[in-house]
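One letter stands for each residue in the lines below.
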Amino acid sequence: MNKTNAATARGVTADWVKAFDGFDVWRPLRLLRRVGPVLQGITLDRSTAGDAYYPTAHIHALTRPFPVVSLMLGQRLVSRSGVQEGIEFSRHAEEHLDASRRLAEQARLSLDDPPSVRDISAAMHDFALAQLELGYPPAVNEMEDSILIAAADGDELLADQGLQLARELAGKWPSSRLPPSWTGREEWIGSLADRAADLEGLRATVESQVALHNLTKVRESQ
C-alpha cells in the first residue's frame with residue numbers, strides 16, 4: 001500500500017469510527033468492539049480494483065483458536081434491489097454518512113447499542129435455521145460458536161438450549177453437505193458439550209486470542 005492509499009484508508013476509517021463511536025479502530029478499514037467472548041466488527045472491504053470499499057457488519061467468536069479475525073455472519077451493505085453496494089473512495093465524503101446509516105438499519109445485530117451475548121447467540125441460531133431451510137451448507141461453526149460463547153459468558157441455560165438445537169439440526173443436516181472431518185452427531189454433540197463445560201479452558205482461549213490479535217485497545221462493552 002503506497003503512502004497515498006494508506007492516508008486515504010486512515011481517513012476513511014476515521015470517518016466511519018466517528019459514525020460508530022462505540023467501536024474502536026483496530027486496523028485501517030477495520031473497526032471492532034468486544035462483547036465478552038465475542039468481537040463485533042465493521043469491515044470496509046476493498047474492491048478487487050482497490051477503488052472502492054464494501055461496508056460489512058460481522059462478528060467473530062474468541063472462544064476457538066483462530067489465526068485471523070473472521071467475518072462470521074458477514075452482512076454487506078446492500079441497495080434497495082438487494083445488490084451489495086460499494087462506496088468509491090472518490091465519493092466517500094459525499095456518501096459515507098448515508099452508507100453508515102443504512103448499514104446500521106440493515107444489520108442483524110445492533111451497531112449502536114451493543115448487543116448482548118444472548119442476542120449474538122440467537123442470531124447464530126437464526127442463521128443456522130435459515131441455512132437449513134434454504135438448503136445451504138450446514139452452519140456447523142456458527143452452532144458451535146453460539147454454544148461456546150454462551151458458556152464462556154456463564155449462561156449455562158443458553159448453552160444448553162444451543163446444544164439442544166444443535167442436536168436437532170444435526171439430525172436434519174444431509175451427510176453429503178457436512179465437513180470431511182465430521183465424525184457423527186453423537187460424537188460431535190458430546191465433544192461440544194465437553195468444550196462448553198470447560199469454562200476455565202474457554203476463558204483461557206479468549207484471553208490468548210485477545211493477545212494474539214492485539215485487541216487490548218479494543219474496548220469491552222458493558
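Here the structure is a predicted model, which is why all the values come from computation and not from measurement.

What counts, and at which threshold
Every chain's residues receive numbers from 1 upward, in the order its sequence appears when written. This being a predicted model, a pLDDT of at least 70 is required before a residue's local features are given, and a value of 80 or more before pairs of side-chain atoms are given or counted; all residues contribute to the totals for chains, interfaces and linings. To get the side-chain values, all heavy atoms of the structure are used, and hydrogens and water are removed first. Secondary structure follows DSSP: runs of H or I at least 4 residues long count as helices, runs of E at least 2 residues long count as strands, and numbering of each begins at the N terminus. Between buried and exposed lies partly exposed: a residue is buried under 20% and exposed over 50% of the maximum accessible area for its type, with that area taken using a 1.4 Å probe on protein chains only. Using a 1.4 Å probe, the Shrake-Rupley method yields the accessible areas, and only the shown protein chains count as cover for residues. Positive: Lys, Arg. Negative: Asp, Glu. His and the chain ends are not part of the count. Note on charges: their place is set at NZ of Lys, CZ of Arg, CG of Asp or CD of Glu. Here, two residues are considered to be in contact whenever any of their heavy atoms come within 4.5 Å of each other. One less than the number of residues in a helix, times 1.5 Å, gives the span that helix is expected to have. Should DSSP find at least two bridges between two strands, the strands are regarded as paired. Interaxial angles span 0 to 180 degrees and are taken between N-to-C directions of axes, which are lines fitted to C-alpha atoms, for helices over the stretch in contact. An angle below 35 degrees is read as roughly parallel, one above 145 as roughly antiparallel, one from 65 to 115 as roughly perpendicular, and any other as oblique. Residues are sorted three ways: Asp, Glu, Lys and Arg are charged, Ala, Val, Leu, Ile, Met, Phe, Trp, Tyr, Cys and Pro are nonpolar, and all the rest, Gly among them, are polar. We define a nonpolar core as any set of buried Ala, Val, Leu, Ile, Met, Phe, Trp, Tyr and Cys residues linked to one another through side-chain atoms lying within 4.5 Å. Pairs were defined over the aromatic rings of Phe, Tyr and Trp, the Trp ring being its six-membered one, requiring ring centres within 6.5 Å. Orientation was assigned from the angle between planes: stacked under 30 degrees, edge-to-face over 60, tilted for the rest.

> Just give me the short version of the overall build of the chain, but keep the residues and values in it.
Scanning the chain for helices and strands turns up seven helices and six strands. Traced from its N-terminal end to its C-terminal end, the chain shows the element sequence α-β-β-β-β-β-β-α-α-α-α-α-α. A buried classification covers 46% of the 222 residues belonging to the chain. Total accessible area computed for the chain in this model is approximately 11600 Å², and 49% of it derives from carbon and sulfur atoms. In the chain, 24 positive and 31 negative side-chain charges are present, and the distance between their average locations comes to 6 Å.

> Describe the side chain of Gln75, naming the residues involved and giving the relevant values.
Structurally, the position occupied by Gln75 is in strand β5 (residues 72-76). When near neighbours in sequence (up to four residues on either side) are disregarded, Gln75 contacts Pro55, Thr56, Ala57, Leu103, Gln106, Ala107 and Arg108.

> Report on helix α2 (residues 92-106), specifying residues and quantitative values.
For an α-helix, the turn length of 3.6 residues means that residues three or four places apart are oriented alike. With 15 residues, α2 should cover 21 Å at 1.5 Å per step; its first-to-last C-alpha distance of 19 Å lies within 8% of that length. Buried within α2 we find His92, His96, Ala99, Ser100, Arg102 and Leu103.

> Give a description of the pairing of strand β3 (residues 38-46) that names residues and reports values.
Walk down a regular strand and you will see the side chains alternate between the two sheet faces. Across the nine residues of β3, eight count as buried, placing the element largely inside the fold. Connecting strand β2 (residues 30-35) to the next strand, β3, in antiparallel fashion are two residues, including Gly36 with a positive phi near 60 degrees. The sheet contact formed by β3 and strand β4 (residues 52-61) spans nine bridges and is antiparallel. Residue pairing across strands places Gly41 opposite His58, the latter belonging to β4. Taking the residues that link successive antiparallel strands as the turn, the β3-β4 hairpin has five residues, and the phi of Gly50 there is positive, at about 80 degrees.

> Let's hear about unusual backbone geometry: which residues, and what values?
Backbone phi values are negative for most residues with the exception of glycine, while trans is the configuration of most peptide bonds. The backbone of Leu29 sits at a positive phi, close to 70 degrees, despite the residue not being glycine. Relative to the helices and strands, Leu29 is located in the loop between β1 (24-27) and β2. For Leu73, which is not glycine, the phi dihedral falls at a positive 55 degrees. Structurally, the position occupied by Leu73 is in strand β5. Given the relative accessible area of 7%, Leu73 is considered buried.

> Give a description of the packing of helix α4 (residues 140-152) against helix α7 (residues 199-212) that names residues and reports values.
Interaxial distance between α4 and α7 falls to 9 Å at its minimum, and their mutual angle equals 100 degrees. Taken as axis vectors, α4 and α7 run roughly perpendicular relative to one another. Listed contacts from α7 to Leu148, Ala151 and Ala152 of α4 are Leu199, Leu202 and Arg203. In terms of residue class, the contact of α4 with α7 is built from five nonpolar, no polar and one charged.

> Lay out the nonpolar core with the relevant residues and their values.
Most often, soluble globular proteins have nonpolar side chains that are buried together. Core analysis: the largest hydrophobic core is formed by 23 residues, its most contacted members being Met143, Ile147, Ala166, Leu169, Trp173, Trp188 and Leu192. For this core, the secondary-structure elements that each account for two or more residues are α4, α5 (156-170) and α6 (185-197). Residue contacts for Trp188: discarding those within four places in its chain leaves Val140, Met143, Glu144, Ala166, Ala170, Trp173, Trp182 and Thr183. In terms of nonpolar packing, the next biggest core, distinct from the first, is built from 19 residues, Ala9, Phe23, Ile42 and Phe89 among them.

> Would you mind going over the packing of aromatic side chains in detail, with residue names and values included?
This structure, assessed with the given rule, holds seven aromatic pairs. Each ring, one from Trp16 and one from Tyr53, has its centre 6.2 Å from the other, and the planes form 85 degrees; the classification is edge-to-face. Placement of the pair is Trp16 in helix α1 (residues 3-19) and Tyr53 in strand β4, with a sequence separation of 37 residues. Here Tyr53 and Phe89 contribute two aromatic rings whose centre-to-centre distance is 5.3 Å and whose plane-to-plane angle is 55 degrees, an arrangement assigned as tilted. Taken together, the positions of Tyr53 in strand β4 and Phe89 in the loop between β6 (87-88) and α2 put the pair 36 residues apart, joining distant regions of the chain. The exposure classification of Tyr53 matches that of Phe89, with both residues buried. The structure contains a cluster of three or more aromatic residues connected by ring pairs, namely Trp16, Phe20, Phe23, Tyr53 and Phe89.

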